[in-house]
Structures are given as C-alpha cells and as structure tokens.
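# Architecture at a glance
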Amino acid sequence: MKLDEYRGVWIFIEQNDSKIEGVSLELLGAGRKLADKLQVPLSGFLLGSGIKGLAGQVISYGADLVFMIDHPVLKQYRTESYMKGVMLLAEKYKPEIILYGATPNGKDLASAVATDLNTGLTADTTMLDVDLENRLLEASRPAFGGNIMATILCKKHRPQMATVRPKVMKALAPDSGRVGKIIEENISLKEEDMRTKVLQIVNDVTKKANLADAHVIVCGGKGMGDIQNFQILYDLAETIGASVGGTRDVVEAGWLPHELQIGQTGETVTPKIYIAIALSGAIQHVVGMKNSDLIIAINKDPNAPIFDVATYGIVGDAMEIVPKLIEQFKQIRNEKGGEISYA
C-alpha cells in the first residue's frame, strides 16, 4: 500500500430523518484539530435521501469539504447500501483518517468498511491525537478493565479508522460565515438488489432516564457500602434537582439499573455539575464524565484518583457529609423560594 497517496481527515456525518447526530458535530471539532496539525483539509461525508440541505451545517461546524451521496435507497440506514457509498468515496478520494461516532449505526458501518478496505479500526476511542512525523492516528481507549489507557496505531494500512464515543469530544461553535466546497457523487443502487428491506421504523417510547441530557448528576460508588446507604444520594438529588447515576460496581451489585451506569461501558455524560460520591475514579469511569463543567468529589481516601479530575474535593465519610449538604441545600431552597438555579 502506498501510504503517501492517502491524505485528509474525514468524518462520517450520521443523520436520521435529515437531522445530524450530535456526535458527528463533536467529531468535526476533534477532526478540525487533527486536520490542522496534519495540514490537510477536514471533510465530512453525508449519505442519505433528501440531505442536500445539511451540507451548510457541516461546513459551519468546521468542515472544508462535504462529500455527499443523495439517493432514495439510502433513505434509511442499512449496512449494505451505506457501505457501498463509503467504499465508493474512500477508494476514489483516499482519506488517511476516517472517524465515526460510536453509535449503533456508526459502529456497524465502520466495522463493515474496515473489513472491505482491509484496514484497522479502533473501537470506542476516548482520546485522539496524531504522530506528525509518521502521520499516524493515535487512538486511545481504556483497556484491561479500565486499568490502563491503550493507544492503538494502524501503521501499514490506510485509511486509519476509529469510532469515538458521544460526549467525549467538544463541538466547535457554529460559524454561519464559513465557506466550503460541496462535492456530490452518484452511485448505482437498486432497491431490488438490496438483501435487506426496511419494513417499519418503531420509535422507542419507553420512559428511561436520560443521563446524557442531565444538567446536574449525583453519582455514587461502591464506597457507599450498601443499597440502603445509597438511598441517601436520591435524597440529595431530589433536593438539588439532579439525576442519579452510578459506577459499574454499583450496577453489578444490583443497586442501579444498567441505563444509569456512567463510564466506558455505560453512559458518557457532560453535565454542568457532577458530584462524585464514594467512588475511586477508575479510568473506565472517568472517561465517561471528565468533560463535565464542574466536578465535585467526596471520598474518605485523600489519594483517590477522582481528586485528580475534580474541580473541588471534600475528604471525608460520605455518610457524614451528604446529610449536611442536604441540610444546607434545603436551607438555600427555602431562601430562594423553593428552587436552585444552575444558570
């Protein structure tokens, strides 16, 4: 493989019903940094039906180029049709890096494309950088149960590819004045040739807690001792208008359902305020919350790793500190007329 033939950073712009997924905008922000370091253009590529109006948004979030395939067969995501579209673009334009959101569709598409392009793929990446001398993508993720960070390289194949978890990168502020180039490609697809058919789209209407959208989160760890002690965190959350989450150990102990787990194998969150109580701060947990605006940690171990990422830290027993916090916040609520503002 002639590696010098491959240039450019590409982002898969995932869209559903002509609405761009947030992780794609986040990846444009991360991709902009990589492209600037490598001194190459940043490109977004869009596949779908009736999506031409989305190109301007992609450019406003940092892209220099937008590659687009607009075809009726691409209306709903299917591995086969989307893979053919990506293969057409990748083989013709030869990008050196392609990033996908680690969503169900993004992970499915990335693995299929990696197989057909005979290249590597790093899954669930949480940190991205480049080795400028060798033009290598440095895709890092927790490994060995979250005990270490592993940086994975793809030295002999191109493009270098990775899926990146939502909420771990920061989108740029949109600039409506940015100017970019839009390149449309045609593809020959026939519905009758597709091996799968979309019969029905069923929206999830269950009322699950959505930690990813919470502004304030109280997260507890196994250091709370038992499920009875853990209930005090719900009292704190109710007092300050927060959502409750937990570490992997808490979920495995049966104290919380899996959808409330925060970390590498759970949700990635970016609240305004994150209160970490009686949790050590293992890597696999920290990658799921480190981008919170303000982190408050409570732990009786002064050397707990969570203090390394905390904005403020309180050393002490949670069972002594949390009741005092509840008392103080209730007093503030009464003074404020029943509400606490986080503006």
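Scroll up to find the structure this text is about.
Since the model is a prediction, treat every value here as computed from it, not as a measurement.

Another aspect to go through is the sheet that holds strand S16 (residues 294-299). Taking strand neighbours across the sheet as the criterion, the five strands line up as S14-S13-S15-S16-S17 in an open arrangement whose pairing is parallel. Two strands close off the open sheet at either side, each with one partner strand: strand S14 (243-246) and strand S17 (312-315). Neighbour-to-neighbour, the strand axes of the sheet open up by a mean angle of 15 degrees, direction not taken into account. The pairing of strand S13 (residues 216-220) with S14 spans four bridges and is parallel. Its bridge partner being in S14, Cys219 is matched across the sheet by Gly245. Running at roughly 170 degrees to S13, helix H5 (residues 227-240) makes contact with S13, S14 and strand S15 (273-277) of the sheet. Each of S15, S16 and S17 touches helix H8 (residues 318-335); the most contacted strand, S16, lies at about 135 degrees to it.

The strand order across the open sheet built from three strands is S8-S9-S10, with neighbouring strands paired in antiparallel fashion. The outermost strands of the open sheet, each flanked by one partner alone, are strand S8 (127-131) and strand S10 (148-152). Adjacent strand axes in the sheet meet at a mean angle of 30 degrees, parallel and antiparallel pairs treated alike. The pairing of strand S9 (residues 136-143) with S10 spans five bridges and is antiparallel. Bridge pairing in S10 links Arg141 to Ala150. Against the sheet, helix H1 (residues 22-38) contacts S8 and S9, and its axis sits at roughly 10 degrees relative to S8.

So, on to the pattern of salt bridges. For side chains bearing opposite charge, pairing can occur when the charged atoms are close. Counted according to the given criterion, the structure contains 12 salt bridges. Between Arg32 and Asp64 there is a salt bridge, and its shortest N-O distance comes to 3.0 Å. Placement of Arg32 in helix H1 and of Asp64 in the loop between helix H2 (55-60) and strand S5 (65-70) is noted, with a sequence separation of 32 residues between them. By relative accessible area, which is 13% here, Arg32 ends up buried.

The subject of this paragraph is H1. The end-to-end C-alpha distance of H1, which contains 17 residues, comes to 25 Å, matching closely the 24 Å that a straight helix rising 1.5 Å per residue would cover. Gln39 sits one or two residues past H1 and shows a positive phi near 60 degrees.

Attention now moves to the packing of aromatic side chains. Counted under the stated rule, the structure contains 10 aromatic pairs. With a centroid separation of 5.6 Å and an interplanar angle of 40 degrees, the aromatic rings of Phe12 and Phe45 are classed as tilted. With Phe12 in strand S1 (residues 9-12) and Phe45 in strand S4 (residues 42-48), this pair connects stretches of sequence that are 33 residues apart. Both residues of the pair, Phe12 and Phe45, count as buried. Ring geometry for Phe230 against Tyr234: centres 6.4 Å apart, planes inclined by 65 degrees, an arrangement best described as edge-to-face. Of this pair, Phe230 and Tyr234 are both found in helix H5, four residues apart, which corresponds to roughly one turn of the helix.

Now for the packing of H5 against H8. Relative to each other, H5 and H8 sit at 20 degrees, their axes nearing to 9 Å. On the basis of their axis angle, the class for H5 and H8 is roughly parallel. Crossing of H5 against H8: the hand is left-handed. Between H5 and H8, the contacting residues are Asn229, Ile232, Leu233, Asp235, Leu236, Glu238, Thr239 and Ile240 on the first element and Met319, Val322, Pro323, Leu325, Ile326, Phe329, Lys330 and Arg333 on the second. Split by residue class, the contact of H5 with H8 holds 10 nonpolar, two polar and four charged.

Before going further, it helps to spend a moment on the pairing of S4. Buried residues dominate S4, accounting for seven of its seven residues. Side chains Leu42, Gly44, Leu46 and Gly48 project from S4 onto one buried face, and the interleaved Ser43, Phe45 and Leu47 project onto a second face that is buried too. Note that S4 and S5 share six bridges and pair parallel. Directly across from Leu47, in S5, lies its bridge partner Ile69.

Thresholds, definitions, all that
Residues numbered from 1 in each chain as written. Predicted model: local features only at pLDDT ≥ 70, side-chain atom pairs only at ≥ 80, totals over all residues. Heavy atoms only, no water. Pairing = 2+ DSSP bridges. Helix = DSSP H or I, 4+ residues; strand = E, 2+ residues; numbered from the N terminus. Axes fitted to C-alpha atoms, helices over the stretch in contact; angles between N-to-C directions. Contact = heavy atoms within 4.5 Å. Salt bridge = Lys/Arg side-chain N within 4 Å of Asp/Glu carboxyl O. Buried < 20%, exposed > 50% of the residue type's maximum accessible area, 1.4 Å probe, protein only. Expected span 1.5 Å × (residues − 1). Phe/Tyr/Trp six-rings, centres within 6.5 Å; stacked < 30°, edge-to-face > 60°. Parallel < 35°, antiparallel > 145°, perpendicular 65-115°, else oblique. Left-handed = near helix turned anticlockwise from the far one by under 90°. Nonpolar A, V, L, I, M, F, W, Y, C, P; charged D, E, K, R; others polar.

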